[in-house]
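Listed below, chain by chain, are the residues.
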Amino acid sequence: QVHANVDHGLLIGTLGACYQDFSVGPTNQGTTNLYKLFAGTGNVNLGYNNAQGFVRHNDSNESAWYAQATLDLDKVGVHGLSLTAGYRNSWDYSTITQVPAVLTLPSGVFVPGTTPITTTSKSNGYNFTFSAAEQVDPDLMFYGTVARAYVPGGVNSIGVSGAQGLPSFSPTYTAETVLEEEIGAKWDFRFGGAYGRLDVDVYNNDFSNIFETFTGLTTQGASVRYNANIAAATLRGVEVQGTFYPTSAWEVSVGYSYNDAKYTKWTGSDPFNVAHPGSSACLPSSPVGFCFLNLTNNPFPYMPQHQGHVTVVWHLPVDD
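The rules behind each value
Residues numbered from 1 in each chain as written. Predicted model: local features only at pLDDT ≥ 70, side-chain atom pairs only at ≥ 80, totals over all residues. Heavy atoms only, no water. Helix = DSSP H or I, 4+ residues; strand = E, 2+ residues; numbered from the N terminus. Rg over C-alpha atoms; globule rule 2.2 N^0.38 Å. Buried < 20%, exposed > 50% of the residue type's maximum accessible area, 1.4 Å probe, protein only. Contact = heavy atoms within 4.5 Å. Areas by Shrake-Rupley, 256 points an atom, 1.4 Å probe, with all protein chains shown as cover. Lys, Arg positive; Asp, Glu negative; His and termini not counted. Charge placed at Lys NZ, Arg CZ, Asp CG, Glu CD. Core = buried A, V, L, I, M, F, W, Y, C linked by side-chain atoms within 4.5 Å. Patch = residues over 30% accessible without salt bridge, like charges linked within 9 Å, V, L, I, M, F, W, Y side chains within 5 Å. Salt bridge = Lys/Arg side-chain N within 4 Å of Asp/Glu carboxyl O. Disulfide = S-S within 2.5 Å. Polar contact = N/O pair within 3.5 Å; in protein donor to acceptor, adjacent residues only side chain to side chain. Pairing = 2+ DSSP bridges. Phe/Tyr/Trp six-rings, centres within 6.5 Å; stacked < 30°, edge-to-face > 60°. Lys NZ or Arg CZ within 6 Å of the ring centre and 35° of its normal.

A. Structural view of the overall build of the protein chain. The secondary structure content of the protein chain amounts to zero helices and 18 strands. Relative to its length of 320 residues, the protein chain is extended, with a C-alpha radius of gyration of 27 Å against a globular reference of 20 Å. On the principal axes, the C-alpha backbone points of the protein chain span a range of 80 × 55 × 45 Å. Residues counted as buried form 33% of the 320 residues belonging to the protein chain. For the protein chain, restricting intrachain contacts to residue pairs at least 6 apart in sequence, the fraction spanning at least 24 positions comes to 65%. Of the roughly 18900 Å² of accessible surface on the protein chain, 59% is carried by carbon and sulfur atoms. Treating the 13 positive side-chain charges of the protein chain as one cloud and the 25 negative ones as another, the clouds have centres 12 Å apart.

Structure follows, in structure tokens:
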């Protein structure tokens, strides 16, 4: 990183670059995703199958450069106003090489096959942020922010053949993005000997190209899970948080948020495998032999509509 401070804080900035690499070496000690089919007399060894294979090589890395600067216009006569801008560009790469798991009889042991399958994913994207803040006085500040985030894509690590015919399957999935707008205020207040802070903000997030998980059976009967870019969503809401110190011994923290989170697009296979091809619930656009559903009414995970907390702290009247 390189840091700059121009004219005693008129312009403060950072310029930097980073690189990280993650590698997994080969292993023949075990394999994941071992499952059993409880039907079909043609399944050898009581129906055990494997949809993962053995990993020969797995490597992922990311490189990026970034810059961010804040211009304090209060120092040139524009009362309390500061502007911040930042940008980051990232390049992501991941590759995995697997060999199928082969069942040996009569031992029932899975061993590595001989035909490797290599899948590689490359993606790049950018993040940016722009914000303006107005420091009305030492106790009150208003701000507004617009930001964009990029989430890298990846590889569907499936060491079996036959997955190419599954709905929306691709050996790789691409990046997803989110655009956020937020406005808010921060207020420090005092009443006699008591004091505190109140933070309020309104936000809106638009997610696009979200990758969700599919499940399916290959032509060889292997059950596989994989990601596909099939969804979009909007999250918007209001957040309020405050901390109040009535005396030096007491601290009260309160918070509340209202969240309106919903999918605006999500067309995929039934995650519970209840709707079958030809069902009235299937979308007319479903590929032949598959059943696609409109899943936009599913609840957004880990996002309650109302959320709040109250915390009371009493500091014991003893020496530090």
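B. Molecular detail of the nonpolar core. Ranked by internal contacts, the top residues of the largest apolar core, which has 21 residues, are Phe214, Tyr226, Ala233, Tyr263 and Trp266. Put simply, the parts of the chain that give this core at least two residues each are strand S14 (194–217), strand S15 (223–245), strand S16 (250–269) and strand S17 (292–294). Looking at this core, the element that brings in the most residues is S15, giving seven residues. Every residue in contact with Phe214, bar those within four places of it in the chain, is listed here: Pro167, Ser168, Val224, Arg225, Tyr226, Ala228, Ile230, Thr267, Gly268, Ser269 and Phe292.

C. Expanded view of a nonpolar patch on the surface. Taken together, the side chains of Ile183, Trp187, Phe191, Leu198, Val200, Val202, Val238, Val240, Phe244, Tyr256 and Tyr258 define a hydrophobic patch exposed on the protein surface, amounting to about 910 Å² of accessible area. At the level of elements, strand S13 (176–191), S14, S15 and S16 are the ones that each hand at least two residues to the nonpolar patch. Within the secondary structure layout, Phe244 lies in strand S15.

D. Just the state of the cysteines, in detail. In total, this model carries one disulfide according to the counting rule given. Sulfur-sulfur distance for the disulfide between Cys282 and Cys291 comes to 2.0 Å. For the disulfide bridge between Cys282 and Cys291, the dihedral angle about the S-S bond is near -105°, and by the sign convention the bridge is left-handed. The residues Cys282 and Cys291 share a single accessibility class, namely buried.

E. How the structure looks around the side chain of Ser90. Tracing the chain through its elements places Ser90 in strand S6 (residues 81–99). Side chain to side chain, Ser90 and Arg88 meet in a polar contact 2.9 Å long.

F. Representation of the pairing of strand S2 (residues 11–24). One ladder, built from five bridges, connects strand S1 (residues 2–6) with S2; its direction is antiparallel. Within the sheet, the bridge partner assigned to His3 lies in S2 and is Thr14. Hairpin connection, S1 to S2: the antiparallel pair is bridged by four residues, and Asp7 has positive phi, about 55°.

G. Up close: the packing of aromatic side chains. Counting across every chain of the model gives eleven aromatic pairs. A ring pair is formed by Tyr87 and Tyr126, whose centres lie 6.1 Å apart and whose planes are at 15°; its orientation type is stacked. Here the residue Tyr87 occupies a position in strand S6, and Tyr126 occupies one in strand S9 (residues 117–137), the gap between them amounting to 39 residues. Taking relative accessible area as the criterion, Tyr126 reaches 36% and is therefore assigned partly exposed. For the ring pair Tyr263 and Trp266, a centre distance of 4.7 Å and an interplane angle of 50° mean the geometry is tilted. A single burial state applies to Tyr263 and to Trp266, both of which are buried. Here a set of aromatic residues connected by ring pairs shows up, and it is made of Trp65, Tyr87, Tyr126 and Phe128. Over the ring of Tyr126 we find Arg148; its NZ or CZ atom is 3.9 Å from the centre of that ring.

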